[in-house]
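# Architecture and fold: a report
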Amino acid sequence: MIPSIPVPWQAKAWQTELSRAITDVEDLANILGLSLDDMDWDPNPTFPMRVPMPYVSRMRCGDRSDPLLRQVLPELAEKNSPLGFESDPLQETSATLFPGLVQKYRGRVLIIAAENCAVNCRYCFRRNFPYAYHRHDSTFPMLEHIRDDPSIHEVILSGGDPLIMPDARLNNLVESIEQIPHVKRLRIHTRLPVVIPQRISEPLIEMLVNTRLRTLIVAHFNHANEIDDHVAVAFTVLRQAGIPLLNQSVLLAGVNDNVESLCSLSEALFEVGILPYYLHLPDRVTGTSHFHVDIDTALRLHGSIQGKLPGYLVPKLVQEVPGRPAKELIASASLPPTSPRINARG
Ligand SMILES: *Cc1c(COP(=O)(O)O)cnc(C)c1O
Ligand code: SF4
């Protein structure tokens, strides 16, 4: 099945965007018409800045508090290290079977398929990730492990960002996975097409459609402003190719921690064929405390969006607690009272 609308860009356009990503705060400030003096930025961040132009082009010029800018700008606040923030709060190190393979939940394994991302998100829970440890010259041991465990039905490609791999490498990996008979599904967790929609090229779609595996994509959008016309084309093409599309977001102070942003995001996602899946409470990772939203605020916001959106546009509010068999659902025990006007008959 070949998608009915062709993408309006060249197959390798995304690699050009990747190579000219902005890594200098001064360049970014110039593009956005901001003065460096107005920005509480860190000239020497331990986690460097990196942001591709197609993403920058969706930021509002002259707006120091733009929700997209906040996600990529290294701020001095990253140097704060309040009690309770750690480098590996999810204890992924202990869930690592061997380099590159993480299994926490039954039936699913996660492959750290790439070490890099197209964008460095300041709130990233893997910002301190020991990629050097996970570096693998060969996927052979991982694949052997999956082959030896018939309970594994789904392989999740994560990272880093798996779509940073060139198509040929990705293809090889997918071909090896599809040869394992008990694996039914291939899930790709990615933010790449969010920041560079040109990544959704025809060769990629062909690969996703032609594999024996059922493929699904879990994208990572946090704000409705992240969806522009190119993003809409990319995801519409994926949807027309029959690939289920889900989204996971992180609840981030100063980015989307209000009812209006969360509702607009869900609505905008649906417009381009994506269903909200998870809304993650931010993990307590060193360097990210300025994004933190406490659990009571999260519950209140989640309760409010439940009162405004159809159920299928309400993401599950979750947090990751090490040692649990699944991500932990944070249930809203008490929804806000229904307004009498909606309750009244007639
Ligand atoms: C989040 C996660 C998954 C996927 O969990 P789902 O609830 O199926 O989306 C799988 N493995 C690891 C290690 C994870 O962190
Ligand atoms: S794309 Fe994902 S893994 Fe990469 S920096 Fe952003 S949040 Fe982290």
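Before any of the text, the structure's been laid out above.
### Concerning the overall build of the protein chain
- A tally of helices and strands in the protein chain yields 14 helices and ten strands.
- What you see for the protein chain is a C-alpha radius of gyration of 20 Å, in line with the 20 Å of a compact globule of 346 residues.
- In the protein chain, which comprises 346 residues, the share counted as buried stands at 52%.
- Considering only intrachain contacts with a sequence separation of at least 6, the fraction spanning at least 24 residues in the protein chain is 82%.
- Accessible surface, the protein chain as shown: approximately 16,000 Å² in total, 51% of it carbon and sulfur.
- A distance of 7 Å separates the average location of the 33 positive side-chain charges in the protein chain from that of its 39 negative side-chain charges.

### A look at the sheet that holds strand E1 (residues 96-98)
- Pairing is mixed in the open sheet, where ten strands are placed in the order E1-E2-E3-E4-E5-E6-E7-E8-E9-E10. The open sheet has two edge strands, E1 and strand E10 (328-329), and neither has a second partner.
- Summarising the sheet, strand E2 (residues 101-102) and strand E3 (residues 108-112) pair through two bridges and their orientation is antiparallel. Across the sheet, residue Leu-101 finds its bridge partner in E3, namely Ile-111.
- Lying over the sheet, helix H7 (residues 140-148) contacts E1, E2, E3 and strand E4 (154-158), oriented at roughly 110° with respect to E1.

### Some thoughts on the site of ligand 1
- Surveying the vicinity of ligand 1 reveals the residues Val-102, Lys-104, Tyr-105, Arg-108, Leu-110, Ile-156, Arg-187, Tyr-277, Tyr-278, Glu-320 and Lys-327.
- The contact in question runs from an oxygen atom of ligand 1 to an N or O atom on the side chain of Tyr-278, over 2.6 Å.
- Measuring from an oxygen atom of ligand 1, one finds a side-chain N or O atom of Lys-327 at 3.0 Å.
- Within the complex, the protein chains bury 92% of what would otherwise be the 390 Å² of accessible surface of ligand 1.

### Let's talk about helix H10 (residues 202-210)
- Taken residue by residue, H10 has Leu-204, Ile-205, Met-207 and Leu-208 as its buried positions. Down the axis of H10, the smallest arc covering the buried residues is 160°, so these residues share one side.
- In the core, the buried residues of H10 are packed alongside helix H8 (167-178), strand E5 (185-190), strand E6 (214-219) and helix H11 (229-240).

### Looking at the site of ligand 2
- With respect to spatial proximity, the complete set of residues near ligand 2 consists of Cys-117, Val-119, Cys-121, Cys-124, Gly-160, Arg-191 and His-220.
- Of the residues that constitute the shell around ligand 2, the class distribution is four nonpolar, two polar and one charged.

### Observations concerning the nonpolar core
- Counting residues in each nonpolar core, the largest one holds 79 residues, and the members touching the most others are Leu-28, Met-59, Ile-177, Phe-221 and Phe-235.
- In terms of residue count, the dominant contributor to this core is H11 (five residues).
- With 15 residues, the next largest nonpolar core counts Leu-251, Cys-263, Val-293 and Ala-298 among its residues.

### Some remarks on the pattern of salt bridges
- Going through the model one piece at a time under the given rule, you end up with 17 salt bridges.
- Between Glu-75 and Arg-64 there is a salt bridge, with the nearest N and O atoms lying 3.7 Å from each other. In this pair, Glu-75 sits in the loop between helix H4 (67-72) and helix H5 (92-95) while Arg-64 sits in the loop between helix H3 (53-56) and H4, placing the two residues eleven residues apart along the sequence.
- A salt bridge links Lys-104 to Glu-320; the shortest N-O distance between them is 2.3 Å. Placement of Lys-104 in the loop between E2 and E3 and of Glu-320 in the loop between strand E9 (316-319) and E10 is noted, with a sequence separation of 216 residues between them.
- Through salt bridges with shared partners, one network takes in Arg-60, Asp-63 and Asp-66.

### Re unusual backbone geometry
- In this chain, Gly-159 is followed by Gly-160 through a cis amide linkage whose omega measures 15°.
- Along the polypeptide, Gly-160 turns up in the loop between E4 and H8.

### With respect to the environment of Arg-60
- When you line up the elements, Arg-60 lands in the loop between H3 and H4.
- For Arg-60, a relative accessible area of 41% gives the class partly exposed.
- Along the chain, Arg-60 and His-145 lie 85 residues apart, while their C-alpha atoms are 47 Å from each other.
- When neighbours within four sequence positions are excluded, Arg-60 is seen to be in contact with Leu-32, Asp-66, Pro-67 and Asn-225.

Cut-offs and rules
- Residues numbered from 1 in each chain as written.
- Chains lettered and ligands numbered in written order.
- Predicted model: local features only at pLDDT ≥ 70, side-chain atom pairs only at ≥ 80, totals over all residues.
- Heavy atoms only, no water.
- Helix = DSSP H or I, 4+ residues; strand = E, 2+ residues; numbered from the N terminus.
- Rg over C-alpha atoms; globule rule 2.2 N^0.38 Å.
- Buried < 20%, exposed > 50% of the residue type's maximum accessible area, 1.4 Å probe, protein only.
- Contact = heavy atoms within 4.5 Å.
- Areas by Shrake-Rupley, 256 points an atom, 1.4 Å probe, with all protein chains shown as cover.
- Lys, Arg positive; Asp, Glu negative; His and termini not counted.
- Charge placed at Lys NZ, Arg CZ, Asp CG, Glu CD.
- Pairing = 2+ DSSP bridges.
- Axes fitted to C-alpha atoms, helices over the stretch in contact; angles between N-to-C directions.
- Near = heavy atom within 4 Å.
- Polar contact = N/O pair within 3.5 Å; in protein donor to acceptor, adjacent residues only side chain to side chain.
- Arc of directions from axis to C-beta.
- Nonpolar A, V, L, I, M, F, W, Y, C, P; charged D, E, K, R; others polar.
- Core = buried A, V, L, I, M, F, W, Y, C linked by side-chain atoms within 4.5 Å.
- Salt bridge = Lys/Arg side-chain N within 4 Å of Asp/Glu carboxyl O.

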